[in-house]
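Remarks on the overall topology
The primary structure of each chain is shown beneath.
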Amino acid sequence: MLALRNCWYVIAWDYEVPANGLLARTVLNEPIVVFRTAQGRFAALEDRCCHRAAPLSKGRNEGDGLRCGYHGLKFDAAGRCVDAPGLERIPEAAKVRAYPLALKRKWLFVWMGDPAQADERLLPDNFSNDDPAWRNRPGYLHYDTPYLLICDNLLDFSHLSYVHEKTLGGSTAIAQARPEIETLERGVRVSRRVPDVPPPPYYGRIRRFAGNVDRWFVYDFLFPGTLLMSSGGKPAGQKEPDPANSVLLHSCQTLTPETDDTTHYFFQQSHRADAGDASVTEGIYQSLITAFNEDRDMITAQHESLRRSPGAPMLPLGIDSALVRYRRLLEDAVARERAG
Amino acid sequence: MLALRNCWYVIAWDYEVPANGLLARTVLNEPIVVFRTAQGRFAALEDRCCHRAAPLSKGRNEGDGLRCGYHGLKFDAAGRCVDAPGLERIPEAAKVRAYPLALKRKWLFVWMGDPAQADERLLPDNFSNDDPAWRNRPGYLHYDTPYLLICDNLLDFSHLSYVHEKTLGGSTAIAQARPEIETLERGVRVSRRVPDVPPPPYYGRIRRFAGNVDRWFVYDFLFPGTLLMSSGGKPAGQKEPDPANSVLLHSCQTLTPETDDTTHYFFQQSHRADAGDASVTEGIYQSLITAFNEDRDMITAQHESLRRSPGAPMLPLGIDSALVRYRRLLEDAVARERAG
Amino acid sequence: MLALRNCWYVIAWDYEVPANGLLARTVLNEPIVVFRTAQGRFAALEDRCCHRAAPLSKGRNEGDGLRCGYHGLKFDAAGRCVDAPGLERIPEAAKVRAYPLALKRKWLFVWMGDPAQADERLLPDNFSNDDPAWRNRPGYLHYDTPYLLICDNLLDFSHLSYVHEKTLGGSTAIAQARPEIETLERGVRVSRRVPDVPPPPYYGRIRRFAGNVDRWFVYDFLFPGTLLMSSGGKPAGQKEPDPANSVLLHSCQTLTPETDDTTHYFFQQSHRADAGDASVTEGIYQSLITAFNEDRDMITAQHESLRRSPGAPMLPLGIDSALVRYRRLLEDAVARERAG
């Protein structure tokens, strides 16, 4: 799999880990169990007992550690075995891997590479996940496709005109528009402006426009597969967006490879807190789920098609420039990492 | 897979392709999309967009071509890309494979080999599919087995006595009878006559006989796996079948490999138009479906058995002569084709 | 698969084979059909017709043999073809493998190796399956895991404290106790005594104790994976178990590999006939099923974990001594058998 190891990957929304429980989730083919200590701190361990390989997530959270549900070995938040029923001495080797874990604005991140290099400055600026100026309902979808196909999708919004014709799109002008693409240190910035088009169907959840709108989508797409986007629409021809008559959105989305062929997708799209009540929040969420299921149907069909004819060529077109550039950046970064 | 490429394969009953829609079906491991133009002509394209491999069948029929539902490329009936949103020039290479397609008496055939060799004179004489003198209800079944196992089944009717004991069979005399087998240019002709046996259970749908009947099954079995059969029963000892007191049937059945291990099965069994109303047509169809499910259960179990012990020997018996001869003909034809 | 061939394997409880019917079951990857002749004798044949590989279990029991449901070949209890419709002579080679079969106290055993070596003295002493002094309800579970993982489970009862905390266990003292292990000719004997513990939850089905109990588990675990166990509990400190105030149980359990990765599990746990009526028998059965599903959940999760990281090490601990010793005995026996 083409994926960085020395990188933060979102493993869960914070609310997915129950206070006294645990959450099992696989990242980069590695089964991981996340739990919360009695002190409220999160920890992430290899979800595989060192004794007989039973998943620790089949055991229980005892507040100061996890106890395996098969033969009762107990591990603390650092992965050390601290109790082994029936043994007089606990062997040194009795331990499981602990993963560096960071919580930032409701996203729980694990670091999959060398723990010594885990650097919280690399966490993305996912501010709208948890900012009083913004409101959203968080979402999660599971994909039975490799994460890179979903990266491709998020890097070319021309698909909004076709996959999302009746939801997020609404106009073929989105596909006709040519985006600007800038290279960043760990990804690309894509800016697509679409003037004077009908408001897309889902805008009806938020605001009624008398005529056409000018739309914009400006986003950073960063390693390992994180989209941070400002987007919106204002009355066509108006110079600047005005919160009183425009739609202003911020979205955080991120892809975490579960296995070579499956992916976790965490996302939210926020509206301004002063631009609508809970019913608007819910309406945006419902539109998003509908649209993201449209993506998933298409990408799943594409993946199936690729699996049936592995190695068959794809024809590069001008509209692929963002995804081609991102793929090269990622390939280079992975190559550098593997070279040491 | 042992299968001819330069051959017509039935991909669908004509009624399966909706007027403004499309139909996705795989033949010889190749995904194909069939659609109807606004002029009512059928076309068959590779079901894989040349751009990013999305299935075109997830897009839409625009009357003069198919538009991909992912990024909006449009292809005409010849497979040429005629629209590419966001591009100033459409590259020469933007095209998908188009398959020669023929419609004959409600069966839609695709030619899987060299288009230059597609010869409509090779289409089978499937007249009873669509002839005012005959009536039928068309059928389709999907098999999770290789098509050759179903060819074997259709080439040895001794199985009627056992698999179809309570439906099409009704007597062990069918298995005891020795068929005549002739070699044809592209298959074999099998004639099995079974005198003086009780009428099979399903004859009750069509006609009541006072006593025993003489039955006959005369069929051509032709590449790639098409059965064209006259069969019936007359009062035992009567010289010739008389429509007034006999059962006279004509059947067209054909097998199309979907993948190495799965098969499409298209079939109908017709009665004479003057020998019964719609309830007779329906009764024959219901008997056929029941019996063909009996076959499918047995062949699926046989396939599972073969998969569990690949390479284990099968003991050739005298009753296998038709299927052995057909298999050799096919092997020779495939070898000639591959040799060029 | 690490498994003996020259060994009796339980293929079924006798009641699973209907009087006029048959039972299909796979042992060591070999499909077998068991049936009862009109004389009431059991027979076991290869479940694969020698002609076209159809499973004989899709045919019928004719009292003196099985008839294949595809083309009607009939085989007697020794596997010889005795009828072949449509053939004048039955070829010598028309036969299927017959397996030596033994019935002992409701368990039907097949011998998977050289028939000349099938020795009924090797059948286990599964007396409580069918003894007027004992009562039980027989059970069966199917596992999607290799049989050796279940052997491991049965060879280390420390898991009772964790997997079965609320059913068969009830105290961490079981895991703390150190068992005695003796090597037998074809397996090991494990004796675990656990003094002065609360009665386990399921004892409530059988008897109420005023205070703590002394528990014991004494069992032979024999090739290929058969557990024969006396267990029970008496008032803590009392010298000997007294049927009037103690729980006395006998259990017969056995594992039969179906395929490399799946297993048949036959079991019963008996109480003394004078220690309770049918409701006690049923109560013990229900407790057992609940507990054995707990095992199956854990072992299935363990198997999945092992499949995800094949070759990853397991850390041997002192509590594994019985299973390590049994595994070595089995490896040696299989090596001797394979060496001839």
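Because the structure is a prediction, the values reported are computed rather than measured.

**Things to note about the interface of chain B and chain A**
Across the contact, 26 residues belong to chain B and 30 residues belong to chain A. Roughly 2400 Å² is buried in total at the junction of chain B and chain A, and carbon and sulfur atoms are behind 56% of that figure. At the boundary of chain B with chain A, the tally comes to three salt bridges. Between Arg 60 of chain B and Glu 165 of chain A there is a salt bridge, with the nearest N and O atoms lying 3.0 Å from each other. Counting across the interface, chain B meets chain A through 14 residue pairs in polar contact (both at pLDDT 80 or more). Here the residues of the side of chain B that touches chain A are counted per class, giving 13 nonpolar, seven polar and six charged.

**Quick word on the pairing of strand E4 (residues 42-46) of chain B**
Residue and element names in this part refer to chain B. Most of E4 is tucked away: four of the five residues are buried. Judged from the five bridges that link them, strand E3 (residues 30-36) and E4 form a sheet pairing that is antiparallel. Within the sheet, the bridge partner assigned to Phe 35 lies in E4 and is Ala 43. As consecutive antiparallel partners, E3 and E4 are separated by five residues, and within that stretch Gly 40 has a phi angle of approximately 90°, a positive value. Relative to strand E9 (residues 98-99), E4 is paired through two bridges, and the arrangement is antiparallel.

**Points about the pattern of salt bridges**
Summed over the entire model, instances satisfying the criterion amount to 60 salt bridges over all chains. The closest approach of N and O atoms between Glu 62 of chain A and Lys 74 of chain A, which form a salt bridge, is 3.0 Å. Residue Glu 62 of chain A is found in the loop between strand E5 (60-61) and strand E6 (66-67), and its partner Lys 74 of chain A is found in strand E7 (residues 74-75); the two are separated by 12 residues along the sequence. Owing to a relative accessible area of 10%, Lys 74 of chain A belongs among the buried residues under this scheme. One salt bridge in this structure joins Arg 327 of chain A and Asp 152 of chain A, with 3.1 Å as the shortest N-O distance. Of this pair, Arg 327 of chain A sits in helix H4 (residues 321-339) while Asp 152 of chain A sits in helix H1 (residues 147-155), placing them 175 residues apart in sequence. Linked by salt bridges that have partners in common, Arg 60, Glu 62, Asp 64, Arg 67, Lys 74 and Asp 83 of chain A together with Glu 165 of chain C make up one network.

**Some points on the interface of chain C and chain A**
Much of the literature gives interface size as the accessible area that the parts lose upon coming together. Counting residues at the interface gives 30 residues for chain C, matched by 26 residues for chain A. With both sides pooled, the region where chain C packs onto chain A buries about 2400 Å², and carbon together with sulfur makes up 55% of that total. If you sort the residues of chain C by the area they bury against chain A, Tyr 162, Met 298 and Leu 315 of chain C come out on top, with a joint share of 27%. Summed over the shared surface of chain C and chain A, the result is three salt bridges. As a salt-bridge pair, Asp 152 of chain C and Arg 52 of chain A come within 2.5 Å of each other at their nearest N and O atoms.

Each value, and the rule that gives it
- Residues numbered from 1 in each chain as written.
- Chains lettered and ligands numbered in written order.
- Predicted model: local features only at pLDDT ≥ 70, side-chain atom pairs only at ≥ 80, totals over all residues.
- Heavy atoms only, no water.
- Contact = heavy atoms within 4.5 Å.
- Buried area = accessible area lost by both parts, 1.4 Å probe.
- Salt bridge = Lys/Arg side-chain N within 4 Å of Asp/Glu carboxyl O.
- Polar contact = N/O pair within 3.5 Å; in protein donor to acceptor, adjacent residues only side chain to side chain.
- Nonpolar A, V, L, I, M, F, W, Y, C, P; charged D, E, K, R; others polar.
- Buried < 20%, exposed > 50% of the residue type's maximum accessible area, 1.4 Å probe, protein only.
- Helix = DSSP H or I, 4+ residues; strand = E, 2+ residues; numbered from the N terminus.
- Pairing = 2+ DSSP bridges.

Everything listed here is a matter of coordinates, which is why it stays silent on function.
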